[in-house]
Amino acid sequence: MASPKLKTAAEVSKELMDSAISAVKDSGISKRSAARYFGVARTTLVRRLQIPHAQRRGGPTKFPSRVEKELSEVLEACCTIGIPLNSYHCYQLFSQIAVELGLKNTTCNANSFRNFLKRHVKLSMRITHASNRKQDRAWTMEVCDEYISKLQMLNSGGFLDSAEQVWNLDETAFHTSELFDKVVGIKGMKQIPSQYNGNAKECVTVLPFGNAGGLQLKFLALYAGKLHLQSRLEDTHNMCYQAVNDSGYMDQLIFANYIKKVVFPAMKSMKNVIFVDGHFSHINNLLLVRYCREFFEETGTRVEVFCFPAGQTCRLQPFDVSSLVQ
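**Comments concerning the packing of helix 5 (residues 87-101) against helix 6 (residues 110-119)**
Line of reasoning, step 1. Close contact between helix 5 and helix 6 brings their axes to 11 Å; oriented N to C, the two are set at 95 degrees. What the angle tells us is that helix 5 and helix 6 run roughly perpendicular. Contacts from S87, C90, Y91 and F94 in helix 5 reach A110, F113 and F116 in helix 6.
Line of reasoning, step 2. The residue makeup of the contact of helix 5 with helix 6, split by class, is 6 nonpolar, 1 polar and no charged.

So, in C-alpha cells, the structure goes:
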C-alpha cells in the first residue's frame, strides 16, 4: 500500500486557517481563542473573516491577463504537438514578449517563471521521455491521414479557394567565406574546416516568401552583427528586407516582424494560410500569434499558420522542391 502524500507547509497553514474560520463562524469561539488554539495569526484571521475572498497581495504580474493566457495556450500547444519548451526557452520567450510590450523589467528568472506556473494549474515542469526521432519523422499511414484531414479542414474553412490565399516560405543559411574546394574528409561530416586569408566568416540567412499565385515578396536577408549597413542594400532595388542579430540564424522576433511588415500588407484575401516547416522560430512564436490576432482585429483578415509534417518538407514544401532544391 502506497504511503500518503505529505502536505506542504502552505497546505497545512491553509487548512489551519480554514479550521479557525469555521470555528469562529460555526462554534462561536472568539477570534483570540481560535487563533491561539489553531496556531494562526489573529490579524490574518480577522482579515479573512472580513474579506473572505481577498485578492492576492503584492505587485501586479509582469504581463497583462490576455498575454498570460496566450503564453499558457502556446506552451500547452507545444507540449501537445511534441515540441515542449524547457525553462531556458521559456525565459527567452518571456523576455522577448516583455521587450515587445515595452516593459521596464524585461528579464525573466526562475522565481518569476515559477510564479507563472503557479497561476496556470494546467502547466508544470515535467521530465521528458526519450523518443525515436527517426520513427517520429516517418511517413506513416496515420501521419498521412492526419495531414490530409487538416488540409480538408482548411479547404472547408475557405482558406484554399484561390492560389493567392496560399503562402509559403523557406530559409537557407550559408557562410560568406565558405571555400568550395574538393578535399579528402571523413564521411558524414557536413563542414570541413579549412584555413583561409581574410576576414572572419559571417553567417547569412536568406528567406524567400511568396504565394501560389506567383507573387514574390521582398526576401529577408539576416546578417550576423550589431548594426545595419547601408552598403548591403545597394543595388537591391527595394526587394530586400534586411535584419541583423548576434548569430545570423533565424529567431522568433525577426521572423514575426518580417511577417507583420512585409507579408501582412501584401495579403488581399480575407482568409490566408502560411505553410511553414517545423523550425522553432516558425511554430514556437507567441509574438507571431499576437500579430495575427491584431491583424484580424484591425482588418478582419484571418491568417492561419500550417506546419508541414516533420521530415517531409523535402517532398511537400514548395520552396524545398523548387527554388531551394539542392
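What follows continues from the structure just given.
**Remarks on the nonpolar core**
Line of reasoning, step 1. One finds F209, Y258, I259 and I274 to be the most contacted residues of the largest nonpolar core, which totals 46 residues.
Line of reasoning, step 2. Tallying contributions element by element places helix 9 (residues 252-263) first for this core, with 7 residues.
Line of reasoning, step 3. Not counting residues up to four positions away in its chain, the partners in contact with F209 are W167, N168, L169, L215, Q216, L217, Y258, I259, V263, I274 and F319.
Line of reasoning, step 4. Formed by 9 residues, the second largest nonpolar core is a distinct cluster that contains M17, A20, I21 and L49.

**What about the pattern of salt bridges?**
Line of reasoning, step 1. Scanning all chains against the criterion turns up 8 salt bridges.
Line of reasoning, step 2. One salt bridge in this structure joins R48 and D18, with 3.7 Å as the shortest N-O distance. One end of the pair, R48, is in helix 3 (residues 42-50); the other, D18, is in helix 1 (residues 9-27), and 30 residues separate them in sequence.
Line of reasoning, step 3. A salt bridge links E68 to R119; the nearest nitrogen and oxygen atoms lie 2.6 Å apart. Placement of E68 in helix 4 (residues 65-80) and of R119 in helix 6 is noted, with a sequence separation of 51 residues between them.
Line of reasoning, step 4. Given the relative accessible area of 7%, E68 is considered buried.
Line of reasoning, step 5. With relative accessibility at 36%, the residue R119 sits in the partly exposed group.
Line of reasoning, step 6. When salt bridges with common partners are traced through the structure, they connect K14, D18 and R48 into a single cluster.

**Details of the sheet that holds strand 8 (residues 302-307)**
Line of reasoning, step 1. The strand order across the open sheet formed by 4 strands is 4-1-7-8, and the pairing between neighbours is mixed. Every interior strand has two partners, whereas the edge strands, strand 4 (209-211) and strand 8, have only one. Along the sheet, successive strands turn relative to each other by an average axial angle of 25 degrees, direction set aside.
Line of reasoning, step 2. Judged from the 3 bridges that link them, strand 1 (residues 166-169) and strand 4 form a sheet pairing that is antiparallel. Paired with N168 across the two strands is G210, which belongs to strand 4.
Line of reasoning, step 3. In the packing of helix 8 (residues 141-156) onto the sheet, the strands contacted are strand 7 (271-276) and strand 8, and the crossing angle to strand 8 comes to about 170 degrees.

**So, the environment of L85**
Line of reasoning, step 1. By the element assignment, L85 lies in the loop between helix 4 and helix 5.
Line of reasoning, step 2. Discounting chain neighbours no more than four positions away, the residues touching L85 are L75, C78, C90, L93 and N284.

**What to know about the pairing of strand 5 (residues 219-224)**
Line of reasoning, step 1. Both strand 3 (residues 203-207) and strand 5 contribute to a ladder of 4 bridges, which runs antiparallel. Within the sheet, the bridge partner assigned to T205 lies in strand 5 and is L222.
Line of reasoning, step 2. In this structure, strand 5 lies alongside strand 6 (residues 240-245), joined through 6 bridges in parallel fashion. Within strand 6, the position partnered with Y223 by the bridge is V244.

**Digging into the side chain of N245**
Line of reasoning, step 1. With respect to the secondary-structure elements, N245 resides in strand 6.
Line of reasoning, step 2. Separated by 3.1 Å, the side chains of N245 and D251 make a polar contact.
Line of reasoning, step 3. Filtering out sequence-adjacent residues up to four positions away, N245 remains in contact with L222, Y223, A224, G225, D251 and I254.

**Some thoughts on the packing of aromatic side chains**
Line of reasoning, step 1. For the structure on display, the rule yields 13 aromatic pairs.
Line of reasoning, step 2. Geometrically, the ring pair formed by W167 and F209 is tilted, given 5.9 Å between the ring centres and 45 degrees between the ring planes. Of this pair, W167 sits in strand 1 while F209 sits in strand 4, and the two are 42 residues apart along the sequence.
Line of reasoning, step 3. The rings of F63, Y91, F94, F113 and F116 are connected pair by pair, giving a single aromatic cluster.
Line of reasoning, step 4. It is K271 that lies over the ring of F159; its NZ or CZ is 5.8 Å from the centre.

**Some points on the side chain of N257**
Line of reasoning, step 1. In this structure, N257 sits in helix 9.
Line of reasoning, step 2. Since its relative accessible area comes to 15%, N257 is described here as buried.
Line of reasoning, step 3. One polar contact links N257 to Y291, side chain to side chain, over a distance of 3.1 Å.
Line of reasoning, step 4. Setting aside its immediate chain neighbours within four residues, N257 contacts E100, Y241 and Y291.

Cut-offs used in this document
- Residues numbered from 1 in each chain as written.
- Predicted model: local features only at pLDDT ≥ 70, side-chain atom pairs only at ≥ 80, totals over all residues.
- Heavy atoms only, no water.
- Axes fitted to C-alpha atoms, helices over the stretch in contact; angles between N-to-C directions.
- Helix = DSSP H or I, 4+ residues; strand = E, 2+ residues; numbered from the N terminus.
- Parallel < 35°, antiparallel > 145°, perpendicular 65-115°, else oblique.
- Contact = heavy atoms within 4.5 Å.
- Nonpolar A, V, L, I, M, F, W, Y, C, P; charged D, E, K, R; others polar.
- Core = buried A, V, L, I, M, F, W, Y, C linked by side-chain atoms within 4.5 Å.
- Buried < 20%, exposed > 50% of the residue type's maximum accessible area, 1.4 Å probe, protein only.
- Salt bridge = Lys/Arg side-chain N within 4 Å of Asp/Glu carboxyl O.
- Pairing = 2+ DSSP bridges.
- Polar contact = N/O pair within 3.5 Å; in protein donor to acceptor, adjacent residues only side chain to side chain.
- Phe/Tyr/Trp six-rings, centres within 6.5 Å; stacked < 30°, edge-to-face > 60°.
- Lys NZ or Arg CZ within 6 Å of the ring centre and 35° of its normal.

From the geometry alone we can't say anything about function, so treat these as descriptive.
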